[in-house]
Amino acid sequence: MEYTVGQVAYSKSGHDKGDAFVIFDAEGEYVYLVDGKNRRIEKPKKKKLKHVQFTNYIDYELQAKIMHREQLLDSDFAKAIKKYSSQNRAK
């Protein structure tokens, strides 16, 4: 399973099953997910890797901001998910 910060992923289990998130951080067998609406930067969702379905979409702008520890807004994550969703619908 290849994954990186800035990548869009879906929850496979729990009350948020099927919801899209962006990977904010990773630690061992866990990833920290943010969607900018229900799960904000201040309190990311901690999920085991086996409970997450990764997509091939990475928001490189957001990834650069995360890696360079630039100021992030919840809206940055919401925009990345919206951009992914609109590209997916177009297919």
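Cut-off values and rules
- Residues numbered from 1 in each chain as written.
- Predicted model: local features only at pLDDT ≥ 70, side-chain atom pairs only at ≥ 80, totals over all residues.
- Heavy atoms only, no water.
- Phe/Tyr/Trp six-rings, centres within 6.5 Å; stacked < 30°, edge-to-face > 60°.
- Helix = DSSP H or I, 4+ residues; strand = E, 2+ residues; numbered from the N terminus.
- Buried < 20%, exposed > 50% of the residue type's maximum accessible area, 1.4 Å probe, protein only.
- Lys NZ or Arg CZ within 6 Å of the ring centre and 35° of its normal.
- Contact = heavy atoms within 4.5 Å.

### Details of the packing of aromatic side chains
Okay, step 1: Per the counting criterion, the structure on display carries four aromatic pairs.
Okay, step 2: Here Tyr3 and Phe54 contribute two aromatic rings whose centre-to-centre distance is 5.2 Å and whose plane-to-plane angle is 10°, an arrangement assigned as stacked. In this pair, Tyr3 sits in the segment before strand 1 (7-11) while Phe54 sits in strand 5 (residues 52-58), placing the two residues 51 residues apart along the sequence.
Okay, step 3: With a relative accessible area of 14%, Phe54 lands in the buried category.
Okay, step 4: Ring plane angle 45° and centroid distance 5.4 Å describe the contact between Tyr57 and Tyr84, whose orientation is recorded as tilted. Of the two residues, Tyr57 is situated in strand 5 and Tyr84 in helix 2 (residues 74-90); the sequence distance between them amounts to 27 residues.
Okay, step 5: You can call Tyr57 buried: its relative accessible area is 14%.
Okay, step 6: The structure contains a cluster of three or more aromatic residues connected by ring pairs, namely Tyr10, Tyr57 and Tyr84.
Okay, step 7: Above the ring of Tyr30, the side-chain terminus of Lys46 is found at 4.5 Å from the ring centroid.

### A look at the environment of Ile81
Okay, step 1: Within the secondary structure layout, Ile81 lies in helix 2.
Okay, step 2: For the pair Ile81 and Ala9, spaced 72 residues apart in the sequence, the C-alpha separation amounts to 9.4 Å.
Okay, step 3: Residues in contact with Ile81, not counting those within four places in the same chain, are Ala20, Phe21, Val22, Val34 and Asp35.

Any functional reading would require information beyond the geometric quantities listed.
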